[in-house]
Structure formats: structure tokens, C-alpha cells
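Spelled out, the chains give:
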Amino acid sequence: MSETTGRTTVHEPADADALRETFARLAADDAARPLLVALDFDGTLAPLQDDPSRSRILPAGVEVLSRLAGADGLEIALVSGRAMNDLHALAEVPAGTYLVGSHGAERARVTRFGLDRDVVQLTDEQADRLAALGAEAAQVARGRDGVWVEQKPTAVVVHTRLAPPEVAEPAEAEAVALGERLGSGVLHGKDVVEISVLKASKGEAMAALRGELGAPVVVFAGDDVTDEHAFEVLGEHDVTVKVGDGATRARFRVADPDGMVAALAHLADHLADHLADQPAAQPEA
């Protein structure tokens with residue numbers, strides 16, 4: 001069954017077996033290089049936690065990202081709503097990994113010596129709006145158990161994961177209204193409303209990174225409604241994966257982070273097999 005929403009068709013994605021078959025074909029396709037594998041963090045590589053500071057990539061995920069990083073013609077990116085410093089502190093990723101934080105407002109690359117990051121510069125007007133957002137978002141959270149505010153370099157975030165529905169729903173509605181009044185962009189995800197003073201989305205971030213790398217094929221996986229922006233900009237030859245339940249534009253679905261890590265391990269296995277099948281380079285005369 002499928003449902004058309006705007007320009008995009010929402011349908012029931014293919015299952016994990018179909019994803020593994022697609023990964024096997026992709027690993028053998030030299031025309032798909034450089035291949036960009038871009039992944040959300042929370043709910044995709046790391047099981048969701050009530051306390052976001054406790055989120056960690058599954059140990060098997062750390063191992064498979066290291067294997068993928070060693071594959072010729074493959075680039076890895078984490079694309080998250082988290083602030084860059086938070087993402088870097090929690091993500092155990094190999095050197096060379098691109099990090100996209102704050103839904104695309106922050107960008108960096110992991111090196112052996114730390115982060116090589118793009119500096120975000122706000123105008124005076126944007127800085128003033130960010131300060132006003134922080135003050136008014138605090139009013140949204142005040143007196144509401146389980147609701148708290150996170151300050152980012154370009155945004156404020158109202159979190160409601162620990163609040164009961166009767167508290168969370170009006171808090172989120174007020175945060176959305178605040179964003180429409182003072183923000184440049186409002187992202188309403190799972191138990192979270194992010195209000196940014198910059199226009200950014202995972203879709204814009206993915207399009208920009210793909211263009212810079214010249215990647216003919218992109219693998220993108222995510223679990224949240226904010227990841228749908230990336231699914232929407234990617235094409236029919238890309239591999240889009242929804243992690244968990246819910247309506248989606250993605251072509252494939254896996255049940256949880258364990259399933260996503262297992263699928264990535266399948267890709268790494270086939271990439272290694274393909275490399276082993278290549279003829280050895282002949283020494284120059």
C-alpha cells in the first residue's frame with residue numbers, strides 16, 4: 001500500500017532481507033564509488049535512551065564502522081540532530097568520518113588529532129534571536145516535569161521524552177508556536193522540538209555532502225521524522241533505510257539499531273569479498 005504526500009510517495013518499505021540483497025549488489029558495483037554511507041546516531045546506531053547523555057553506539061556498530069572506513073572508495077558520515085560537541089564526544093567513529101550536527105547547521109571531519117570543523121558564524125541579529133529563543137523556551141519548560149531545554153550554537157531544543165503525554169503535548173505545541181514566531185526553522189521530531197536561527201535540514205546537508213564528494217550512490221539510514229527530509233532528497237538509485245516503525249519515504253526498513261548494524265556488517269562482508277576477487281596490481285616494469 002502506498003500514499004502520495006506532496007511530491008513523494010509514502011509506502012511500505014522492503015524488509016531487511018531485501019536490504020541485504022541490495023547491499024550485496026552495491027558492494028560489487030564499481031560504478032557506485034565513491035559510495036557515501038550516512039547514518040543518524042540516536043535510534044539508528046545507538047539505542048534510544050531517556051537520558052541522551054547515556055547514548056552510545058552499539059559495540060558491534062563501532063566495529064563495523066571501522067571495517068567500512070577501511071574499504072576503498074567509501075566515505076562515512078554521521079548526520080544527527082545533536083550539537084557537534086555532543087556528537088563527537090559520544091560517537092566512537094574512525095578518523096575520516098564526516099560529522100554533521102544540529103541537522104546540518106554544523107559540519108566537521110574527524111581526524112587523528114580531533115575535529116577539523118567548519119566554524120559557524122551568526123550575525124548580530126541571529127545571536128540576539130538565539131538569546132531570545134533561549135529565554136522563552138525556558139518559560140515553556142518551567143513548571144513542567146520531564147521537559148527541559150538544550151542550548152545549541154545555532155538553536156534551542158525543547159525535550160519532552162521524560163514527560164507524560166498530557167505534559168509533553170502542550171509543551172511541544174508552545175515550542176512550535178515559539179519557533180514560528182522567532183525562529184528560521186522548526187523541526188518537530190520524536191519528543192523534541194528544535195528551533196534554529198539558521199535554515200538547515202538533513203536533506204540540505206546530504207545534498208551538499210553528496211555534491212562535494214561526487215557520490216553517485218548514497219546509503220542513508222535514520223529513525224526520526226527529521227530523517228524524512230534526507231529520504232526525500234535522495235533518488236531511486238540511493239539506499240534509504242527507516243529504522244523502526246512509522247510511515248516513511250524510505251525504500252527499506254529494519255527493526256532497530258541491532259538490525260541496522262547487522263545490515264552494515266553484511267555490506268562490509270561483501271565489500272571485503274569484492275576486494276579479494278579483484279586481480280592483484282602488476283608491478284611496474
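As shown above, the structure is provided for reference.
What counts as what
Residues numbered from 1 in each chain as written. Predicted model: local features only at pLDDT ≥ 70, side-chain atom pairs only at ≥ 80, totals over all residues. Heavy atoms only, no water. Helix = DSSP H or I, 4+ residues; strand = E, 2+ residues; numbered from the N terminus. Buried < 20%, exposed > 50% of the residue type's maximum accessible area, 1.4 Å probe, protein only. Axes fitted to C-alpha atoms, helices over the stretch in contact; angles between N-to-C directions. Parallel < 35°, antiparallel > 145°, perpendicular 65-115°, else oblique. Left-handed = near helix turned anticlockwise from the far one by under 90°. Contact = heavy atoms within 4.5 Å. Nonpolar A, V, L, I, M, F, W, Y, C, P; charged D, E, K, R; others polar. Salt bridge = Lys/Arg side-chain N within 4 Å of Asp/Glu carboxyl O. Pairing = 2+ DSSP bridges. Polar contact = N/O pair within 3.5 Å; in protein donor to acceptor, adjacent residues only side chain to side chain.

Asker: Which parts of the structure should I look at to understand the environment of glycine 104?
Answerer: Among the secondary structure elements, glycine 104 is positioned in the loop between β5 (98-101) and β6 (106-111). With relative accessibility at 26%, the residue glycine 104 sits in the partly exposed group. Residues glycine 104 and alanine 177 lie 73 residues apart in sequence; the distance between their C-alpha atoms is 22 Å.

Asker: It is not clear to me how the packing of helix α1 (residues 16-27) against helix α8 (residues 257-277) should be interpreted in this structure. Could you clarify?
Answerer: Relative to each other, α1 and α8 sit at 25°, their axes nearing to 8 Å. By the angle between their directions, the pair α1 and α8 is classed as roughly parallel. Crossing geometry of α1 relative to α8 is assigned as right-handed. In this structure, α1 uses Leu19, Arg20, Phe23, Ala24 and Ala27 to contact α8, whose residues at the interface are Ala263, Leu264, His266, Leu267, His270, Leu271 and His274. In terms of residue class, the contact of α1 with α8 is built from 8 nonpolar, 3 polar and 1 charged.

Asker: Mind showing me how you'd approach the pattern of salt bridges here?
Answerer: Pairing is possible between side chains that carry opposite charge, provided their charged atoms lie close to one another. If you walk through the whole model with that rule in mind, you get 17 salt bridges. With its nearest N and O atoms 3.3 Å apart, the salt bridge here joins lysine 202 to aspartate 40. Separated by 162 residues along the polypeptide, lysine 202 in helix α6 (residues 202-213) and aspartate 40 in the loop between β3 (35-39) and α2 (59-69) bring together distant segments of the chain. A residue is classified by how much of its surface remains accessible, and aspartate 40, at 5% relative accessible area, is buried. One salt bridge in this structure joins aspartate 42 and arginine 82, with 2.7 Å as the shortest N-O distance. In this pair, aspartate 42 is assigned in the loop between β3 and α2 and arginine 82 in the loop between β4 (74-79) and α3 (84-90), connecting sequence segments 40 residues apart.

Asker: Would you explain the sheet that holds strand β14 (residues 252-254) in this entry?
Answerer: Two pairing modes exist for strands in a sheet, parallel and antiparallel, and in both the strands are linked by backbone hydrogen bonds. If you trace the 8 strands from one edge of the open sheet to the other, you get β7-β6-β5-β4-β3-β12-β13-β14, paired in mixed fashion. The outermost strands of the open sheet, each flanked by one partner alone, are β7 (114-117) and β14. Adjacent strand axes in the sheet meet at a mean angle of 25° when their direction is disregarded. Looking at chain direction, β4 and β5 are connected through 3 bridges and run parallel. Opposite leucine 78, over in β5, you have leucine 99 as the bridge partner.

Asker: Help me understand unusual backbone geometry, please; the structure alone is not making it clear to me.
Answerer: Leave glycine aside and you will find that most residues have negative phi; peptide bonds, for their part, are mostly trans. Residue proline 34 follows arginine 33 across a cis peptide bond; omega there is -5°. We note that serine 102 has phi near 50°; this positive angle belongs to a residue other than glycine. Looking at where serine 102 falls in the secondary structure, it is placed in the loop between β5 and β6. The exposure class of serine 102 is buried, given its relative accessible area of 3%. For aspartate 191, which is not glycine, the phi torsion reads 60° and is therefore positive.

Asker: Honestly, the pairing of strand β8 (residues 148-151) in this entry has me stumped. Any pointers?
Answerer: For a regular strand, side-chain orientation follows a simple rule: the groups alternate between the two sheet faces. Relative to strand β9 (residues 155-159), β8 runs antiparallel, the two being bridged by 4 bridges. Bridge pairing links glutamate 150 to valine 157 in β9. Here β8 hands over to β9 after 3 residues, the two strands then running antiparallel side by side.

Asker: In this structure, what is going on with the side chain of serine 201? I would like to understand it.
Answerer: Along the polypeptide, serine 201 turns up in the loop between β11 (192-196) and α6. A relative accessible area of 13% places serine 201 in the buried class. Within the structure, serine 201 has its side chain in polar contact with the backbone nitrogen of glutamate 204 (distance 3.1 Å). Not counting residues within four places of it along the chain, the set of residues in contact with serine 201 comprises His103, Gly104 and His229.

Asker: Is there a simple way to think about the environment of arginine 112 in this case?
Answerer: Following the sequence through the fold, arginine 112 ends up in the loop between β6 and β7. With 16 residues separating them along the chain, arginine 112 and glycine 96 place their C-alpha atoms 8.4 Å apart.

Asker: How should I be thinking about the sheet that holds strand β10 (residues 185-189) in this particular structure?
Answerer: The strand order across the open sheet formed by 4 strands is β8-β9-β11-β10, and the pairing between neighbours is antiparallel. Pairing within the sheet leaves two strands with one partner each, and these edge strands are β8 and β10. Sheet twist, expressed as the mean angle between neighbouring strand axes with direction ignored, is 15°. Bridge analysis of β10 against β11 gives 5 bridges, and the strand direction is antiparallel. Along β11, the bridge assignment pairs glycine 185 with serine 196.

Geometry only, nothing functional implied.
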